[in-house]
Amino acid sequence: MSDKQKMVVAISSRALFDLEESHRIYEKEGVEAYCRYQLERENQILKPGTAFPLVQKLLNLNTLGEARERVEVILLSRNSADTSLRVFNSIQDHGLPITRAAFTNGSSPFKYVEPFGADVFLSTDPEDVANTLGSGFAAATMLPSNTKSSAASKGKLSIAFDGDAVVFSDEAELVYQQKGLIEFAKHEVKAAKKPLPGGPFRNMLSALHRIQSEFPAGESPIRTAIITARSAPAHERVIRTLRAWDIRIDEAVFLGGLPKGEFLRTFGADIFFDDQQGHCDSARKHVPTGHVPHGVKNSK
């Protein structure tokens, strides 16, 4: 991977830090009360939020092996420039090497995803996430969860993805929704050797694979997995698609409709991305989870 090739992750301040109390003040009392609250607590360090452990592990990748900037994390926040000091004070206190940011004073910051060259935007705001996906970039809504990844004490970064409508397009999911399981299976067997089009998270998976390729086999600090509701014989198209993309996945789990939560706990995911709310609700009981409101299941 060249020095110019790095994975860029954009994250909202509410995903990085616990800002729920101040957000409640914003919703109940308005902007002025929120700003006053933040300014009065400018030197009070914020506690980690849902995505904080993930960000730590991502940034730690820059220190391994031949140290280089493999990952950059950029902050995109609806805070004003004036109230941003508490966020940056917290970033510095926690020792996070985050230097680039955009503060938009209440307007949606998703517009800065493209000029920053971000591969993914993680936010707690569903509207910002939907706008980002609608603009053709990967994004996920970080869901509330009190769980810590079972891999949190380990050094490796473990990231799991759903397949259809996340890594891949929703082409096959559309067949399933319109014609049912039997016709879906027939369609996938017939198209087994035809690679699926890429979904919103294809570029992120590719970026992770580039970083993995820097390290000898068996020594990579990253593990990736596809954990999908598909089962045989619809598995073949997934495998052949990844092969056509020249992307290696460490683990692939074909569940045939089983709940995903326990499998994600077993994998030890630091984060899991899925387009279906039901799968996300199962997952977030066990691991940090990002909902990807993309594809036919979210068309309404």
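What counts, and where the lines are drawn
Residues numbered from 1 in each chain as written. Predicted model: local features only at pLDDT ≥ 70, side-chain atom pairs only at ≥ 80, totals over all residues. Heavy atoms only, no water. Buried < 20%, exposed > 50% of the residue type's maximum accessible area, 1.4 Å probe, protein only. Helix = DSSP H or I, 4+ residues; strand = E, 2+ residues; numbered from the N terminus. Pairing = 2+ DSSP bridges. Right-handed = clockwise from strand over helix to strand, strands pointing away. Core = buried A, V, L, I, M, F, W, Y, C linked by side-chain atoms within 4.5 Å. Contact = heavy atoms within 4.5 Å.

(A) Expanded view of the pairing of strand S2 (residues 71-77). Buried residues dominate S2, accounting for seven of its seven residues. Side chains of S2 alternate between two faces, with Val 71, Val 73, Leu 75 and Ser 77 and Glu 72, Ile 74 and Leu 76 buried alike. Bridge analysis of strand S1 (residues 7-12) against S2 gives six bridges, and the strand direction is parallel. Paired with Met 7 across the bridge in S2 is Val 71. Where S2 and strand S3 (residues 101-103) come together, three bridges link them in parallel fashion. Pairing of Ser 77 across the sheet is with Phe 103, part of S3. Taken together, S2, helix H5 (residues 84-93) and S3 form a β-α-β motif whose crossover is right-handed.

(B) Examining the nonpolar core more closely. Judged by nonpolar contacts, the single largest core of 66 residues is most densely connected at Leu 16, Leu 122, Phe 161, Phe 201 and Phe 273. The residues contacting Phe 201, other than those within four sequence positions of it, are Val 120, Ala 138, Ala 139, Ala 140, Phe 161, Val 166, Val 167, Phe 273 and Val 292. Counting ten residues, the second-largest nonpolar core is a separate cluster that includes Leu 264, Phe 267, Ala 269 and Phe 272.

(C) Spotlight on the pairing of strand S8 (residues 251-254). As defined by bridge partners, strand S7 (residues 222-228) adjoins S8 across four bridges and the pair is classed as parallel. Across the sheet, the residue bridging to Thr 228 is Phe 254, located in S8. Handedness of the crossover joining S7 and S8 through helix H10 (residues 235-245) is recorded here as right-handed.

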